[in-house]
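Chain and residue survey
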Amino acid sequence: EDNPTKYNSIPINGVAQYYALTKVLKRKWAGKQLNMPVLAVASANDSVVDIDYLVKAFTKRFSSDKKRLLIYSNNDSQIGVNAVANATTEPSAHGNPIVYRRSAYPDRRILNQSHQSVLMSPANPLFGENGSVLVCNGNDWPTFSACLFSRQQHWYGAQHTPSPDGVPVARTTYNADFAEMFLQFDQLFNE
């Protein structure tokens, strides 16, 4: 294991505890709408999260007026064709609680967000902008080793994100839009 948070080996006890909790909550909340404040954050670029299912479940299950689903995407039809690097589609007072934010930050060599990056601060000492841990993409040795041993400045993206120029793509491990995410949190929970 080359990652101090055991990202590559997945701590089995933690996964087991998470699974046990989801079973309890699934039974407790079966068929019910949940009327509680919620901020959910996800990347549309990472295959780990099924965004279509998440949007459907979020819309159907959460009934509070204090709810927001923040989705990082590079799909211009979701964000707006004339969107700038970190443009947003803000929810109106009675409108859609789903907010799309731009996922790419080319000036930071970020092609898109991974499932793990959306909740990480750029100041995180392990995974932030100047973090000490590099998480290489690729389940096959040629892709993984090209990233691991590259002397070039990496691109960053979700698993299976293609390189625009052949330079290896490492996993994005922090959210360059972290401050905006917390503004969204404050709007929901501090109103």
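The coordinates are above.
Just so you know, these numbers come straight off a predicted model, no measurement behind them.

**Let's talk about the pairing of strand 2 (residues 67-73)**
- Among the seven residues of strand 2, seven are classified as buried, and the element is accordingly described as predominantly covered.
- Neither face of strand 2 is exposed, since Lys67, Leu69, Ile71 and Ser73 on one face and Arg68, Leu70 and Tyr72 on the opposite face are all buried.
- Of the pairings in the sheet, the one linking strand 1 (residues 38-43) to strand 2 comprises six bridges and is parallel in character. From the neighbouring strand, Val41 faces strand 2, where its bridge partner is Leu70.
- The parallel pair strand 1 and strand 2 is bridged by helix 2 (residues 51-61), and the resulting crossover is right-handed.
- Here strand 2 runs beside strand 3 (residues 98-102); their pairing, made up of five bridges, is parallel. By the bridge assignment, Tyr72 is partnered in strand 3 with Arg101.

**Examining the packing of aromatic side chains**
- Across all of its chains, the model carries six aromatic pairs by this definition.
- Pairing Trp141 with Phe149 gives two aromatic rings, centres 6.3 Å apart and planes at 70°, and the pair type is edge-to-face.
- By relative accessible area, which is 56% here, Phe149 ends up exposed.
- Each residue in the set Phe178, Phe182, Phe185 and Phe189 is aromatic and connected to the rest through ring pairs, giving one cluster.
- The ring of Phe58 carries Lys67 above its face, with NZ or CZ at 5.3 Å from the centroid.

Cut-offs applied
Note that residues are indexed from 1 along each chain, following the sequence as it is written. Residues qualify for local features only when their pLDDT is at least 70, as the model is predicted, and side-chain atom pairs are given and counted only at 80 or more; totals for whole chains, interfaces and linings, by contrast, use all residues. Side-chain calculation: all heavy atoms of the structure are included, whereas hydrogens and water are not. Here the term buried applies to any residue with accessible area under 20% of the maximum for its type, exposed to any over 50%, and partly exposed to those in between, with areas from a 1.4 Å probe on protein chains only. A run of H or I in DSSP counts as a helix once it spans at least four residues, and a run of E counts as a strand once it spans at least two, with each numbered from the N terminus. By definition, two strands form a pair when at least two bridges between them are found by DSSP. Look down the strands so they point away from you; if the path from the first strand over the helix to the second goes clockwise, the crossover is right-handed. A pair of aromatic rings is counted whenever rings of Phe, Tyr or Trp (Trp by its six-membered ring) have centres within 6.5 Å, and the orientation is called stacked for planes under 30 degrees apart, edge-to-face for over 60 and tilted otherwise. Whether a charge sits over a ring comes down to the Lys NZ or Arg CZ being within 6 Å of the ring centre and within 35 degrees of the ring normal.

Distances and angles like these do not, on their own, reveal function.
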